[in-house]
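The primary structure of each chain is shown beneath.
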Amino acid sequence: MHVKQTYPSVKRGSKNRRQMLAVLRWPFLTVAAACLIVNAAIAGPFWGIIAVLVLYIVWRLILSPDLVEYNRMSQSIKIVAWVSILLALIDILLVHSFALFVIPIVCFSGLVVSIVLFFTDLRRQKHNMLPLILFEVVSMIGSGIVLCVWKDPNNWPYIVLLSLSVLSFLSKVIVLGRDFKIELERRFHIQ
Amino acid sequence: MKKTTKPEFPVFLQELTEQDCALVDAFFSEFDLYFLLSKAERKLFRLDFEAAIMLLYGQGVPMQEILSRLALSNLGGFYARPSTVWFPLDDAAKIYPISMEHGRQLVFRLAIYLKEDIIPELLQMALSFTVKRFPSFATTLKKGIFWHYLDAVKKHFPIEEEHDVPCQPIKVSLSGSQPFRLMYYKNRISAEFFHVLTDGTGALIFLKALVSEYLRLCGVTASKSDIWNVNDTPINEEFENAFVKVEKAETGSGFMDKPAAQMNGRMVRRKPCRLLHFKMDSAELYKTAKEHGGTVTAYLLMQMLYACQAATDELTGDIHIQVPVNMRKFYPSKTVRNFSMYCGVRVPIEEIGGKQELIANINAQLAEKSAKDKMREMITAAVNLVSSIRVIPLVIKQPIAKMVYGFLGEKIYTTTLSNLGVVNMPKEFDEHVIGMDFCLGAQMTNRLACTIITCSGISTFSISKMTDDPTFEEKMYQLLTNDGITVEVEGSEYYAR
């Protein structure tokens, strides 16, 4: 059976991400398992869990990024969310009582960055705003609850976070108007 | 697209007569009105127009004729309006983005071969003029809370010169990234589609409209045909989720089945590792199929069963070939979204015997399993399933769907045979179109996938291979030639080596 070649020659050696992930999966799993085993063997604080989480974050954000909606909004919000979770874990497992103060600072800093990223490319980013909206809603609810429960002069980061989330949310409603409503309809459709 | 703008357009303008120059100036005077796009995007369009004008002028086409072919009115108001439309995924498409992984995406490819080499400048213009007629193609995949959807995108859709392995996953993650790619290589125009966008029939409608537009730009027009006019206004029916219009059956069934025997051969990492096209005279193939007492699909299924048997070391178990069924034949619809279901022809390996019994068995199975009622039951099952999980957030249903799809998806089949049927082109295109092919992309479990399409009197049976093992295609070739069919084999190199 003679085959007449009708396709261009393809450069050898170019590997796709799936192959790269298949290769890297095992070193990552080995390192994660090693961290947990060493941690368990030498006892002490549970740093192994934090190491595993860091590996997971690296995997999700860098090596195996989102297949749909990999954009500046989703990635910036994801980074802030993961960093916050990491800080909370460090606080619980290693160094205590700093996260409650630091996490809202990280969140509102991240929010500022996201807002800048959003409004500097409004035409395109208005179609990517769901992660930002969700983040604002979670920030509003979270900081609202903390402010109700934790009456402390040191809770200013929560006041800033709450104000910023509300302002950012409202600014989008005002600036985008009908587009905001349409965007939510798309994102929450169940058809 | 690599620009070939030498000589530069201003230099080109200086060489024109005053009259032609005035025509070009008048042409571009209203250019910006047609593009509510960023400056960079507008520039890309402008470069496309300039390249096309220079090319056609170089071919000796009078300037008035050039500007008439490239008239800005061909863009309609598509790029002049902001993108507000969006499309929920149809019931068949919902699984595709959910089950997608890095390097795993259901992509298929349709290609058309012309007599002359493709002119990229005109193909680019043809795409810009055609895409507006297919608003569900001018979209980008987005993720909602409960389902993915297609969001309209207004941008410059570029063509590419083909240089990679066919049917590779299409990057749909970035803002505005399109779920299809259009490529050219020598005399071939190839369009690859993420299945989320359309099925074979929808893709064929798109490609025919595109080629018709390309040929119009080359100066060939068809008087009357079933090809969509790219300047017609799109209507809702063309983009509907046609599954929901099918009246529900009392029971829904047809998805679950037992695992099928798989062909042997080590799966390569780079899939598909080879494409093969068996080109046959369609009349000869039809005649041979009739002599065997079946349709072309049944006849090819029979030969595939023999070839599958040869390509597996299994002595027991079933060979199960998936056959997509176009629902439009039961429920007429103009939709270019997915509107196909599938049935399967299942034969135990030990029962693969004489040709007569086998083709009778295949005919009986096809008649029973692809009947309207069976398809209606399957659609009902699909619609019910989608409906029952519609309020579960994607973050929850995605991992579950991935797992279920991984277990059931391909494992219940040995391979696939998708028959797109006979493609009719207008008479005026006879001199220009020499054939078509159709290929399925990477499979995760099945060792290969087969398709057939007939155009310009040539039936092209294509095989997308996932292993180096050549048994299947060699057996197929032997079986077809033994039946007196002349087979010309074209294809790619082995990419895995």
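What counts and what doesn't
- Residues numbered from 1 in each chain as written.
- Chains lettered and ligands numbered in written order.
- Predicted model: local features only at pLDDT ≥ 70, side-chain atom pairs only at ≥ 80, totals over all residues.
- Heavy atoms only, no water.
- Salt bridge = Lys/Arg side-chain N within 4 Å of Asp/Glu carboxyl O.
- Helix = DSSP H or I, 4+ residues; strand = E, 2+ residues; numbered from the N terminus.
- Domains from an automatic or database assignment.
- Contact = heavy atoms within 4.5 Å.
- Buried area = accessible area lost by both parts, 1.4 Å probe.
- Polar contact = N/O pair within 3.5 Å; in protein donor to acceptor, adjacent residues only side chain to side chain.
- Nonpolar A, V, L, I, M, F, W, Y, C, P; charged D, E, K, R; others polar.
- Phe/Tyr/Trp six-rings, centres within 6.5 Å; stacked < 30°, edge-to-face > 60°.
- Lys NZ or Arg CZ within 6 Å of the ring centre and 35° of its normal.

### Regarding the pattern of salt bridges
- Taken as a whole, this structure holds 32 salt bridges over all chains when the rule is applied.
- Its salt-bridge partner being K245(B), residue E240(B) comes within 3.3 Å of it at the nearest N-O pair.
- Three or more residues joined by partner-sharing salt bridges are found here, namely E69(A), E183(A), R186(A), R187(A), K142(B) and D151(B).

### A few points about unusual backbone geometry
Residue and element names in this part refer to chain B.
- Following K271, the chain continues into P272 via a peptide bond in cis, with omega recorded as -10°.
- Note on placement: P272 falls in the loop between α7 (200-217) and β8 (274-281).
- Of note in this structure, S456 is not a glycine but carries a positive phi near 55°.
- With respect to the secondary-structure elements, S456 resides in the loop between β13 (448-455) and β14 (458-465).

### Side note on the domain arrangement of chain A
All names here are of chain A.
- Under the domain assignment, chain A is made up of domain 1 (1-65) and domain 2 (69-191).
- A straight line from the C-alpha centre of domain 1 to that of domain 2 covers 30 Å.
- The partner domain 2 presents 11 residues to the 12 residues of domain 1 that form the contact.
- When domain 1 packs against domain 2, close to 1000 Å² is buried across both sides, 88% of that on carbon and sulfur atoms.
- Area buried by domain 1 at its contact with domain 2 is led by I50, L53 and L61, which between them contribute 50% of it.
- At the junction of domain 1 and domain 2, the tally comes to zero salt bridges.

### Some words on the interface of chain A and chain B
- Contact with chain A, which involves 41 residues of that partner, is made by 58 residues of chain B.
- Approximately 4400 Å² of surface area, both sides summed, lies buried where chain A meets chain B, with 54% of it carried by carbon and sulfur atoms.
- When residues of chain A are sorted by the area they lose upon contact with chain B, M1(A), Y7(A) and L67(A) head the list and together hold 19% of the total.
- The interface formed by chain A and chain B contains two salt bridges.
- The residue D151(B) makes a salt bridge to R186(A) at a minimum N-O spacing of 2.6 Å.
- At the junction of chain A and chain B, the tally comes to 22 residue pairs in polar contact (both at pLDDT 80 or more).
- When residues in the side of chain A that touches chain B are grouped by element, the largest group, five residues, is from helix α1 (residues 17-42) of chain A.
- Looking at the side of chain A that touches chain B residue by residue, the class counts come to 15 nonpolar, 13 polar and 13 charged.

### Some points on the packing of aromatic side chains
- Throughout the structure, instances matching the rule amount to 38 aromatic pairs over all chains.
- Arranged with centres 5.0 Å apart and planes meeting at 90°, the rings of F118(A) and F119(A) form a pair that is edge-to-face.
- Judged by centre distance (5.6 Å) and plane angle (80°), the rings of W86(B) and Y149(B) are edge-to-face. With W86(B) in strand β1 (residues 86-88) and Y149(B) in strand β4 (residues 148-152), this residue pair connects regions lying 63 residues apart in the sequence.
- Connected via pairs of aromatic rings, a cluster forms that spans F9(B), F12(B), F27(B), F28(B), F31(B), F35(B), F45(B), F49(B), Y57(B), F78(B), Y79(B) and F129(B).
- The ring centre of F31(B) lies 5.8 Å from the NZ or CZ of R46(B), which sits over that ring.
- Its end group placed over the ring of W147(B), K397(B) keeps NZ or CZ at 3.5 Å from the ring centre.

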